[in-house]
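Structural features, examined
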Amino acid sequence: SVAQFLFLKINQNNFDFKNVFYENGFKDIKLVNKPNILHIIPDGLWNLNNFKDENLKIFIKETLNNSQISIFDKSLSNYPTTFLSLPSSLNGSLVREDINFEENHFNQYIYNSKFHQLLKDYNYDIFWHRTKWIGSRCNDKAYICMNQNIYNNEIAKNYIKLINFNYFWIEKILYKIFNKIPSKHLDYVTDYLNNINKNNKPKYIFAYINIPHSPFTVHENCYPTSLTKTDQIIFTEKEYYKQTKCLFTQIDKIVSKLQSENNDYLIIIQSDTGWTFKDIPSEKQPDIDWPE
């Protein structure tokens, strides 16, 4: 792991960070109103039209309609992988195709995006929800960091696995001690809203969330699977649907919380990529590593 870390740092130092994007899509944006903004990015969430479960589609539509959130039926992701999709959308541009790069090169375009710089220019307080994915780490010099649990990051969980310890047991032990169901995913953000300072500055929350992406962590009622099992199970469409149901249950909960605060707010729900259960090249395009 140490050798891998050193390789990534050396590799990153050799990367030309100039001219990665075609343009700055936020260059000419002017903010007239400055509402509080909740920016939710559910990892791997399908376009609504992809769902085969009609009851789930109805539930999602009703949840969003009740919250007065518009649905863009024909929306698509530009990239099938997070490390390209997020920098592209947060900087308002496609990535140039004529550059050679590794995944870690693009993390800084998430941490220091043109969109977030625009918000800082308009005096926003930026709150950053940290997840286990290393690309979502928080720069505490630039942002106000949320969800700083020591075991809730990719590096810590990999080291825990090295000593053959299943991190599910951490939540089981905490549940046994405190008799409290652990929060998961967007509920972390809802819980944190009480800690956000009440000054007059507008607030922006960046919440990249690890569902409905695998692994299977919550049932459809958002009960953590860590309390009912110890081993990872095969992730199928059934589990994907359950996690999607939980996600929109949590969205409904946080919207109710925001409504009760009686401040102007804007909610953006924007997936980074779609999801596939057949991660093989297309027959039409056999040289492409990702499905259509």
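Residues numbered from 1 in each chain as written. Predicted model: local features only at pLDDT ≥ 70, side-chain atom pairs only at ≥ 80, totals over all residues. Heavy atoms only, no water.

Thoughts on the environment of T63
Summarising the element assignment, T63 is placed in helix 2 (residues 54-66). With 190 residues separating them along the chain, T63 and K253 place their C-alpha atoms 10.0 Å apart. T63 has contacts with F248 and D252, leaving out every residue within four places of it along the chain. Reaching out from T63, the side chain makes a polar contact with the backbone oxygen of F59 at a distance of 2.8 Å. (Helix = DSSP H or I, 4+ residues; strand = E, 2+ residues; numbered from the N terminus. Contact = heavy atoms within 4.5 Å. Polar contact = N/O pair within 3.5 Å; in protein donor to acceptor, adjacent residues only side chain to side chain.)

Structural notes on the pattern of salt bridges
According to the stated counting rule, one finds 6 salt bridges in the structure shown. We note a salt bridge from D187 to K253, for which the minimum N-O separation is 3.3 Å. Separated by 66 residues along the polypeptide, D187 in helix 8 (residues 186-192) and K253 in helix 9 (residues 237-261) bring together distant segments of the chain. By relative accessible area, which is 11% here, D187 ends up buried. K253 gets classed as partly exposed once you look at its relative accessible area, which sits at 41%. (Salt bridge = Lys/Arg side-chain N within 4 Å of Asp/Glu carboxyl O. Buried < 20%, exposed > 50% of the residue type's maximum accessible area, 1.4 Å probe, protein only.)

Digging into a nonpolar patch on the surface
A contiguous nonpolar surface patch, about 520 Å² in accessible area, is contributed by W169, I173, L174, I177 and F178. Tracing the backbone through its elements, the reader meets W169 in helix 7 (residues 168-178). (Patch = residues over 30% accessible without salt bridge, like charges linked within 9 Å, V, L, I, M, F, W, Y side chains within 5 Å. Areas by Shrake-Rupley, 256 points an atom, 1.4 Å probe, with all protein chains shown as cover.)

As for the pairing of strand 2 (residues 125-129)
The buried fraction of strand 2 is high, at 5 of 5 residues. Alternating positions in strand 2 separate into two faces, D125, F127 and H129 on one and I126 and W128 on the other, with burial throughout. Looking at chain direction, strand 2 and strand 4 (residues 203-212) are connected through 5 bridges and run parallel. Within strand 4, the position partnered with F127 by the bridge is I205. (Pairing = 2+ DSSP bridges.)

Section: the sheet that holds strand 4
Spatially, the 5 strands line up as an open sheet ordered 3-2-4-1-5, and their pairing is parallel. The open sheet is flanked by strand 3 (144-146) and strand 5 (265-269), the only strands paired with a single partner. Across this sheet, the average inter-strand angle for adjacent strands is 20°, counted without regard to direction. Of the pairings in the sheet, the one linking strand 1 (residues 36-43) to strand 5 comprises 5 bridges and is parallel in character. The residue bridging I40 from the neighbouring strand is I269, located in strand 5. Packing against the sheet, helix 9 makes contact with strand 1, strand 4 and strand 5, and its axis sits at approximately 160° to strand 4. (Axes fitted to C-alpha atoms, helices over the stretch in contact; angles between N-to-C directions.)

Concerning the confidence of the model for the chain
When pLDDT is averaged along the chain, the result is 84; 82% of the residues meet or exceed 70. The weakest mean pLDDT in the chain belongs to helix 1 (residues 2-13) at 50; the strongest belongs to strand 1 at 96. Ignoring residues within four places in sequence, the model shows residues 3-7, a span with pLDDT below 50, making 0 contacts including any to other chains. (pLDDT = per-residue confidence, 0-100.)

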